[in-house]
Amino acid sequence: MHHFPDASAVVRALSPDEPVILNRPHAAARAARFFAEKFPGKSLYAVKANPSPDLLMVLWEAGVTHYDVASIAEVRLVRSALPDAVLCFMHPVKSKSAIAEAYKAHGVRVFSLDSYEELAKIVEATTSETGAAAEDLSLCVRLRVSSEYSELSLASKFGIDLADAAPLLQATRQVADSLGICFHVGSQAMTPFAYVQAMERVRAAVVDASVTVDIVDVGGGFPSIYPGMEPPPLEDYFGAIHRAAESLPVSYSSELWCEPGRALCAEYSSLVVKVERGRGDELYINDGAYGALYDAAHVGWRFPVRCITPGRSEALAPFAFYGPTCDDADFMAGPFMLPDDMQPGDYIEVGMLGAYGAAMKTAFNGFGQARLFEVSDEPMASQYTGQRQDPRAKDNVVSLR
Ligand SMILES: *Cc1c(COP(=O)(O)O)cnc(C)c1O
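Basis of the calculations
Residues numbered from 1 in each chain as written. Predicted model: local features only at pLDDT ≥ 70, side-chain atom pairs only at ≥ 80, totals over all residues. Heavy atoms only, no water. Near = heavy atom within 4 Å. Polar contact = N/O pair within 3.5 Å; in protein donor to acceptor, adjacent residues only side chain to side chain. Areas by Shrake-Rupley, 256 points an atom, 1.4 Å probe, with all protein chains shown as cover. 1 Å grid on protein atoms, 1.4 Å probe; cavity = no way out; pocket = protein on both sides within 12 Å on 5 of 7 lines; lining within 4 Å. Sits in = over half its atoms within 2 Å of the grid points. Nonpolar A, V, L, I, M, F, W, Y, C, P; charged D, E, K, R; others polar. Domains from an automatic or database assignment. Buried area = accessible area lost by both parts, 1.4 Å probe. Salt bridge = Lys/Arg side-chain N within 4 Å of Asp/Glu carboxyl O. Points joined across faces, edges and corners; volume = space filled by probe spheres on them. pLDDT = per-residue confidence, 0-100. Contact = heavy atoms within 4.5 Å. Helix = DSSP H or I, 4+ residues; strand = E, 2+ residues; numbered from the N terminus. Buried < 20%, exposed > 50% of the residue type's maximum accessible area, 1.4 Å probe, protein only. Phe/Tyr/Trp six-rings, centres within 6.5 Å; stacked < 30°, edge-to-face > 60°. Lys NZ or Arg CZ within 6 Å of the ring centre and 35° of its normal.

### Brief notes about the site of the ligand
So, step 1. Around the ligand, a shell composed of 14 residues is seen, among which K48, S187, E259, R262 and Y356 lie nearest.
So, step 2. Here an oxygen atom of the ligand sits 2.9 Å away from a polar atom, N or O, in the main chain of G261.
So, step 3. Contact distances for the ligand include 2.6 Å between an oxygen atom and a side-chain N or O atom of Y356.
So, step 4. In isolation the ligand exposes 390 Å². Once the protein is present, 91% of that is buried.
So, step 5. When each cavity is represented as a set of grid points, the ligand is found to reside in the largest pocket.
So, step 6. Tallied by class, the residues present in the shell around the ligand amount to 4 nonpolar, 5 polar and 5 charged.

Below is the structure:
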């Protein structure tokens, strides 16, 4: 892959007419090392956040050995990219054939579930042809928890209610070699208290069921930094999770797991787009809702932006973006702060697109292609450069460079 120092160098060299994705392997590796060194347990990378094989390799080399996969396609993908990785199939609703292939062909031993139906499917799909039940399963029961502290909810679709959890935990204990409890507080959890509150539910479930629990998996939700979303430092999350885990009534040898997606890859990618037309405070750009800016369009996510074209005004103004397809939904409200004299032909770099962004480009309306380059400059914001302050500690806001 071709290397450039930064987005300006890419634009000077290529004047690209198509959007270009810029990857920062050093930023993803730094995030992975941070989790490996500081999270008080094991970190599973949630592959759906960005399944790029290049990124998988970067994370593996930085010490991420476990991968949270959600579909048989992800199982196959990670298995072929990383033959020695430990795969954990953490989608609570799977087909029996997907479970069987994962278990028999790809060595998957960890599965999650939130219902008796799923438990029965797992047991059946992992029973041998001679009728012997699997004796090496790690089964994680997904508990429903609140998403109230997160920017994107994952609360309504999956997870068994606390009131119904005890009999499912007991039934799962009967067939599991290791029994786990997992949850997901929702993506971009803006306070560590989200995990503390979820851990209280885990405590109640364990006490209720009086089962021995071997794995407590606090899921994903670890935040990244975006305009208007300045979370506390990740150390605060790890500390709160560690304290809550220490006081759980689980066995001394139990393991603590987490499943970061966004936090491991948000800083990995940015995107260079070209302005095709200006109409007042609306800019028509060449990527959008069907490309890397899915979240910007569909959930109003604000990504950091900067103008790459030299010579524009210092004064910034708020802009909205239209994407390239012929669809009114291809609209990103922002506001995105850019020089007030933006012109057609100018280039914009959109940052922090490594999670649920660069990897989501579709070919709708023929606008799928994007070239990829590596750059060596810093992402537009970082959780991992050792400069984060707790935004609650002072009135000032940590600045986005
Ligand atoms: C999406 C997902 C994750 C990753 O969530 P982030 O908010 O990106 O950290 C982890 N675990 C499960 C089960 C998920 O569905």
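### Quick notes on the domain arrangement of the protein chain
So, step 1. Domain annotation for the protein chain reports domain 1 (3-22 + 269-375) and domain 2 (25-265).
So, step 2. The straight-line distance from the C-alpha centre of domain 1 to that of domain 2 is 33 Å.
So, step 3. Across the interface of domain 1 and domain 2, roughly 1,400 Å² is buried in total on both sides, 63% from carbon and sulfur atoms.
So, step 4. When the buried surface of domain 1 facing domain 2 is broken down by residue, W301, R302 and Y356 rank first, second and third, together holding 46% of it.
So, step 5. Between domain 1 and domain 2 we count 0 salt bridges in total.

### Let's talk about the layout of surface pockets
So, step 1. In this structure, the largest pocket encloses a volume near 730 Å³.
So, step 2. Considering the residues around the largest pocket, the lining is formed by 30 residues, among which K48, L154, F158, H184 and Y356 are closest to the centre.
So, step 3. Here the residues of the lining of the largest pocket sort into 15 nonpolar, 7 polar and 8 charged.
So, step 4. When residues of the lining of the largest pocket are assigned to domains, at least three map to each of domain 1 (3-22 + 269-375) and domain 2 (25-265).

### Brief notes about the confidence of the model for the protein chain
So, step 1. Taken as a whole, the protein chain shows an average pLDDT of 93; of its residues, 95% reach a score of 70 or greater.
So, step 2. Within the model, pLDDT remains below 50 along residues 395-401, and this stretch shows 16 contacts once partners closer than five positions in the same chain are excluded.

### Structural notes on the environment of T191
So, step 1. As for its position among the elements, T191 is in the loop between β10 (187-189) and α8 (193-209).
So, step 2. Taking relative accessible area as the criterion, T191 reaches 19% and is therefore assigned buried.
So, step 3. For the pair formed by T191 and F222, sequence separation is 31 residues and the distance between their alpha carbons is 9.2 Å.
So, step 4. Leave out the neighbours within four places in its chain, and T191 touches Y149 and Y237.
So, step 5. At a separation of 3.0 Å, a polar atom in the side chain of T191 contacts the main-chain amide nitrogen of F193.

### Remarks on the packing of aromatic side chains
What describes a pair of aromatic rings is the distance from one ring centre to the other and the angle between the planes of the rings.
So, step 1. With the rule as written, the count across this model stands at 20 aromatic pairs.
So, step 2. Taking the centre distance of 5.0 Å and the plane angle of 65° together, the rings of F34 and Y384 count as edge-to-face. Taken as a pair, F34 in helix α2 (residues 25-38) and Y384 in the segment after β19 (371-375) lie far apart in primary sequence, 350 residues in all.
So, step 3. The buried category is assigned to F34, whose relative accessible area is 10%.
So, step 4. Taken together, the ring pairs in this structure connect F34, F35, F39, Y195, F222, Y237, F238 and Y384 into an aromatic cluster.
So, step 5. Between R277 and the ring centre of Y284, over which it is positioned, the NZ or CZ distance is 4.7 Å.

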